[in-house]
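Residue strings, one per chain:
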Amino acid sequence: MFRLEIQHLQPPGSSSYSLRVPSGCTCLVQGPSGSGKTLLLRSIADLDPNRGEVILGDIRRSEVPAHHWRRLVGYLPAESHWWEDRVGDHQQKWPLDLLATLGFEPDVLEWSVARLSTGERQRLALARLLANEPRALLLDEPVANLDADNAERVLQVVHRYQTTQHSPMFWVSHGSEGTDTFSCIGRMWLRHNGVERMELPWS
Amino acid sequence: MELIPLSALDLAIAAALVGLLALLSWLLHLRVGRRLLISAARSTVQLLLLGLVLKTLFAQTSLPLLGLMALVMLAVAGYEVMARQQRRFRGPWGYGLGTLSMFLSSFTITLVALTVVIQVKPWYQPQYLIPLLGMLLGNTMSGIAIALDNLTRTAWEQRERIEARLILGHSWQQAIEGARRDALRSGLIPIINAMTTAGIVSLPGMMTGQILAGSPPMEAAKYQLMILLLIAAGTGLGSMAAVWGGSRRLFDERERLRLDRLKG
């Protein structure tokens with residue numbers, strides 16, 4: 001069981017955040033564009049210079065190497081990027097069952113990245129991330145570019161992962177698309193790089 | 001065989017050819033004439049000055065004076081490396097990285113060449129030291145400038161890809177490895193090309209000079225070969241040091257890609 005605790009975390013140009021997300025719970029992050037949603041996730045993953053501490057279970061971010069930390073807090077950016085030509089070369093072991101749930105045959109690993117549509121990239125990026133078996137999830141608009149069917153697939157995969165791994169999760173989105181099925185949900189609204197309102201039933 | 005001395009008139013004829021070229025460029029609107037004339041004037045002044053300086057240095061063989069000369073050469077080469085960067089590092093790194101890498105490679109290799117290979121006595125005899133150091137600095141300068149420029153430009157252009165790897169938990173070394181490899185390769189390509197065509201397509205400058213001065217061609221060839229090999233080693237080591245230091249500087253202690261350390 002790993003809860004995610006954020007202590008006085010201050011992303012660049014933002015005010016500081018303090019909150020915790022218990023194991024298996026989801027914090028929905030909403031707010032207009034430019035309100036700092038992505039910056040918050042990037043700072044939790046330690047991608048921008050920031051201040052404060054993040055604790056996952058009994059692991060303090062400041063005490064583990066950064067690349068190790070980023071494996072633990074699986075961050076899925078809104079737009080995925082690929083550095084090899086072949087899809088399969090981006091991860092050592094791909095979870096085939098998960099690829100199937102996302103609507104891919106195993107031969108997708110032979111596909112060339114250049115051929116992928118935006119939606120395919122987005123779904124494959126999720127599989128690529130979950131292959132690392134992160135203990136927490138930081139998802140930035142994971143269903144934004146997907147049609148209803150594929151959005152449903154992604155929700156299903158994320159929901160199943162969270163249920164079996166009991167992972168705390170941040171879910172950034174504009175609306176609450178289908179996340180109502182998640183069991184333990186808190187909400188946070190951002191505005192001007194700071195918290196406008198928080199409704200966290202667990203605190 | 002004696003070297004035939006060149007008179008001012010001889011040089012004027014050569015200069016007139018460049019003047020003709022500048023005139024052509026002006027007539028054809030190539031807009032390169034001005035730069036051509038300025039660089040020709042610069043090399044005239046610089047080479048004549050060098051001749052004067054070397055004359056004094058050769059007469060004295062004084063280590064402090066030679067050291068000063070070497071430092072001036074290094075300082076100018078360091079500035080050149082920096083000026084050739086499209087996106088150089090901010091602060092002291094912009095100048096320091098290339099200069100330090102050149103210092104490490106050129107000075108060490110020159111020292112090895114003087115003491116172990118040629119075995120000059122004393123090792124700082126200016127007739128050997130200055131030309132050797134000059135050729136090494138000149139070539140490592142190009143190699144390092146190309147390699148560093150390539151590294152920072154690639155990092156800038158591929159920042160999303162590099163970050164995608166960091167996000168997935170790759171170390172900074174893994175995330176930059178592709179850019180690093182390309183940068184090193186690009187820095188080494190000029191010297192590889194030079195070695196490939198040496199003696200067939202191009203007659204290298206040093207050998208030409210020695211032959212003109214009356215050295216036996218075989219001796220000239222051996223010297224040229226030694227210089228080429230030393231240059232290859234110096235450029236390789238210098239580029240490696242610069243690319244390693246540069247790629248380290250692109251990330252901070254938390255392995256974040258810090259492109260804000262580059263000048264946009």
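Residues numbered from 1 in each chain as written. Chains lettered and ligands numbered in written order. Predicted model: local features only at pLDDT ≥ 70, side-chain atom pairs only at ≥ 80, totals over all residues. Heavy atoms only, no water.

Trainee: Is there a simple way to explain a nonpolar patch on the surface in this structure?
Mentor: A cluster of nonpolar side chains, Leu17(B), Leu20(B), Leu21(B), Leu23(B), Leu24(B), Trp26(B), Leu27(B), Leu28(B), Leu30(B) and Val32(B), forms an exposed patch at the surface whose accessible area comes to about 1000 Å². Its place among the elements puts Leu23(B) in helix H1 (residues 8–27). (Patch = residues over 30% accessible without salt bridge, like charges linked within 9 Å, V, L, I, M, F, W, Y side chains within 5 Å. Areas by Shrake-Rupley, 256 points an atom, 1.4 Å probe, with all protein chains shown as cover. Salt bridge = Lys/Arg side-chain N within 4 Å of Asp/Glu carboxyl O. Helix = DSSP H or I, 4+ residues; strand = E, 2+ residues; numbered from the N terminus.)

Trainee: I would appreciate a short explanation of the interface of chain B and chain A in the present structure.
Mentor: One widely used convention gives an interface's size as the accessible area the parts lose upon coming together. Taken together, the 15 residues of chain B in the interface contact 24 residues of chain A. Around 1800 Å² of area is buried between chain B and chain A when both sides are counted, 53% of it from carbon and sulfur atoms. When the buried surface of chain B facing chain A is broken down by residue, Ile167(B), Leu168(B) and Arg254(B) rank first, second and third, together holding 39% of it. At the boundary of chain B with chain A, the tally comes to three salt bridges. Here Arg256(B) makes a salt bridge to Asp46(A), at a shortest N to O gap of 2.6 Å. Our count for the chain B to chain A interface comes out at ten residue pairs in polar contact (both at pLDDT 80 or more). For the side of chain B that touches chain A, the per-class residue count stands at four nonpolar, three polar and eight charged. (Contact = heavy atoms within 4.5 Å. Buried area = accessible area lost by both parts, 1.4 Å probe. Polar contact = N/O pair within 3.5 Å; in protein donor to acceptor, adjacent residues only side chain to side chain. Nonpolar A, V, L, I, M, F, W, Y, C, P; charged D, E, K, R; others polar.)

Trainee: Hey, could you run me through the domain arrangement of chain B in this one?
Mentor: All names here are of chain B. According to the domain assignment, chain B contains domain 1 (1–60) and domain 2 (61–261). Each of domain 1 and domain 2 has a C-alpha centre, and the two are 27 Å apart. Every contact between the two is made by nine residues of domain 1 and, on the other side, eleven residues of domain 2. Together, the buried faces of domain 1 and domain 2 total about 860 Å²; carbon and sulfur atoms form 73% of this surface. The interface formed by domain 1 and domain 2 includes zero salt bridges. Across the side of domain 1 that touches domain 2, the residue classes tally to eight nonpolar, one polar and no charged. (Domains from an automatic or database assignment.)

Trainee: Honestly, the state of the cysteines in this entry has me stumped. Any pointers?
Mentor: Joining two cysteines, a disulfide is a covalent bond between their sulfur atoms. Residues and elements named next belong to chain A. Within the structure shown, the criterion is met by one disulfide over all chains. Disulfide partner of Cys25: Cys184, at an S-S distance of 1.8 Å. The disulfide joining Cys25 to Cys184 has a torsion of about 90° about its S-S bond and is therefore right-handed. Of the two residues, Cys25 is situated in the loop between strand E2 (17–21) and strand E3 (26–30) and Cys184 in the loop between strand E8 (169–172) and strand E9 (185–190); the sequence distance between them amounts to 159 residues. Residue Cys184 is classed as partly exposed on the basis of its relative accessible area of 21%. (Disulfide = S-S within 2.5 Å. Buried < 20%, exposed > 50% of the residue type's maximum accessible area, 1.4 Å probe, protein only.)

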